[in-house]
Amino acid sequence: MKKISLLGATGSIGIQTLDIIRNQSNDFELVACSAGRNIDELYKIILEFKPKLVSVAGKEEAEKLTSLGIPSQIKVLYGEEGLIEVAVHEDSTILVNAVVGSVGLVPTMKAIQNGKTIALANKETLVTAGHIVMAEAEKYGVSILPVDSEHSAIYQCLNGENPNEIHKLIITASGGSFRDKTRDQLKDVTIEDALNHPNWSMGAKITIDSATMMNKGLEVIEAHWLFNMPYEKIDVVLHRESVIHSMIEFDDGSVMAQLGTPDMRVPIAYALNYPSRKPITNHKPLDLIKFGTLHFEEMDFNRFKCLDYAYQAGKVGGSLPTVLNAANEEAVAAFLQNKISFLQIENLIENALEKHNVISKPSLEEIRNIDEQTRQFVSSLIK
Ligand code: NDP
Ligand code: MG
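Residues numbered from 1 in each chain as written. Chains lettered and ligands numbered in written order. Predicted model: local features only at pLDDT ≥ 70, side-chain atom pairs only at ≥ 80, totals over all residues. Heavy atoms only, no water.

**Student:** Looking at this structure, how should I read the pairing of strand E4 (residues 75-78)?
**Tutor:** Along any regular strand the residues' side chains alternate between the sheet's two faces. Sheet topology note: the strand E3 (residues 53-56)/E4 ladder contains four bridges and is parallel. Bridge assignment links serine 55 to a residue of E4, and that residue is leucine 77. One crossover worth recording links E3 to the parallel E4 by way of helix H3 (residues 59-67), and it is right-handed. (Pairing = 2+ DSSP bridges. Helix = DSSP H or I, 4+ residues; strand = E, 2+ residues; numbered from the N terminus. Right-handed = clockwise from strand over helix to strand, strands pointing away.)

**Student:** Would you mind going over the side chain of serine 246 with me for this structure?
**Tutor:** Structurally, serine 246 can be placed in strand E10 (residues 244-250). Polar side-chain contacts of serine 246 include one of 3.4 Å to the backbone nitrogen of threonine 172. With residues near it in sequence (within four places) discarded, serine 246 still touches Glu150, Ala153, Ile154, Ile170, Ile171, Thr172, Met256, Ala257 and Gln258. (Polar contact = N/O pair within 3.5 Å; in protein donor to acceptor, adjacent residues only side chain to side chain. Contact = heavy atoms within 4.5 Å.)

**Student:** Before we go on, may I ask you to explain the site of ligand 1 in this structure?
**Tutor:** Lining the immediate surroundings of ligand 1 are 22 residues, of which Thr10, Ser12, Arg37, Glu124 and Gly203 lie closest. The backbone of glycine 11 places a nitrogen or oxygen atom 3.1 Å from an oxygen atom of ligand 1. Residue isoleucine 13 places a main-chain N or O atom 2.9 Å away from an oxygen atom belonging to ligand 1. Across the complex, the protein chains shield 82% of the 890 Å² of accessible surface that ligand 1 would expose by itself. Looking at the shell around ligand 1, the elements with two or more residues in it are helix H1 (12-23) and helix H6 (123-139). Broken down by class, the residue content of the shell around ligand 1 amounts to ten nonpolar, eight polar and four charged. (Near = heavy atom within 4 Å. Areas by Shrake-Rupley, 256 points an atom, 1.4 Å probe, with all protein chains shown as cover. Nonpolar A, V, L, I, M, F, W, Y, C, P; charged D, E, K, R; others polar.)

**Student:** Which parts of the structure should I look at to understand the packing of aromatic side chains?
**Tutor:** Geometry of an aromatic ring pair is reported as the spacing of the ring centres plus the angle between the planes. Counting across every chain of the model gives five aromatic pairs. Judged by centre distance (5.7 Å) and plane angle (65°), the ring pair of tyrosine 270 and tyrosine 274 falls under edge-to-face. The exposure class of tyrosine 270 is buried, given its relative accessible area of 7%. Each ring, one from phenylalanine 335 and one from phenylalanine 342, has its centre 5.7 Å from the other, and the planes form 70°; the classification is edge-to-face. As far as the burial class goes, phenylalanine 335 and phenylalanine 342 line up, both buried. The cationic tip of lysine 355 hangs over the ring face of phenylalanine 377; the distance from NZ or CZ to the ring centre is 4.6 Å. (Phe/Tyr/Trp six-rings, centres within 6.5 Å; stacked < 30°, edge-to-face > 60°. Buried < 20%, exposed > 50% of the residue type's maximum accessible area, 1.4 Å probe, protein only. Lys NZ or Arg CZ within 6 Å of the ring centre and 35° of its normal.)

**Student:** Can you walk me through H1 in this structure?
**Tutor:** Given 3.6 residues to a turn, an α-helix orients residues that are three or four positions apart in the same direction. With twelve residues, H1 extends 17 Å between its outermost C-alpha atoms, agreeing within 8% with the 16 Å of an ideal straight helix rising 1.5 Å per residue. Those residues of H1 that fall on the buried side of the exposure criterion are Ile13, Gly14, Gln16, Thr17, Leu18, Asp19, Ile20 and Ile21. In this structure, the buried residues of H1 make contact with strand E1 (2-7), strand E2 (28-34), helix H2 (39-49), strand E5 (94-97) and helix H11 (265-273). (Expected span 1.5 Å × (residues − 1).)

The structure is reproduced here in structure tokens:
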């Protein structure tokens, strides 16, 4: 029986993780979990899974939850301290980090220091502080198992292979909601248009990131850290069908790919069951005949500026990816609140990157400060 702590239980990945725990209840038990503000959903989760500890966004949410009348032996915490307590719960062996944003960084660090295996969906953690997180995982002998579908695909293709014989990684991109729009047509797209992803149903922030192509940029940086791969050896290819989740080209020219229907429960279950594989309830098998043809197109870096910014920030390294991530989080939040237009997301990120004086090997403290300063800078531009 593997005991699980889950950050972001009420989100898209969180709910699908709970589905795996529910359907493989002989293998997994939820011991602790967190939510943000969706207390009604968390209440249902508590009644079904009976975790020992839960955490919510703030004091108000904690009081609301307690007033609903949950079993008295369940401990309720809130804020960053609560996230950390969930991440390091003494009974858990695995942390599934499915919170959104760089708020996931410190809990991940603490979980690593407590020897927990990390199943990582929260890519912002690696983007903002990859050098620190990977060094800490190595120091404590902890595995970081990717949940992001592209990275899970690469991880699966690497099984039994020699990582030194990788020629390059080829990450596939569906293209997001606006893949067929020109830059001109992006000028007055709405939030509703942006949230309408053709292939995947996901949380709001990552759906916007897919529309700007920043999601793929964040994934390039994530792959750089997870697989210790220079940026020159990471390619992105547009692949509308989202059937091939990513590929590795090896030194002998062989290309290995992982395929499947778009269902995030597959990479979630792979990380939880690793190194085993288990059937997934109601999983729709891949029908290649129905697809008939798969398509691949070159990425246009002028059309998808955020992908270009991410490569640039990744290559410069140091504190610049922290700025990229924080500016993006702030800009996407503003877009979702109808404060800025879609194309202003790119402008704000560009401004933040240009203004920043790069620190080459930022400490955790410096990263937290730069993250905060970048958010303030971006929100001052919005006002
Ligand atoms: P959602 O927005 O659906 O869920 C986010 C979760 O985090 C919710 O439980 C939310 O709580 C909680 N949360 C948000 N902000 C805070 C905060 N400040 N403090 C504490 N908890 C908070 O996101 P997704 O599930 O889509 O994505 C989660 C992560 O996984 C992201 O990093 C994303 O990039 C990554 N990912 C997601 C994929 C997907 O298919 N969804 C695919 C690959 C990666 P509440 O709702 O209760 O407020
Ligand atoms: Mg992905």
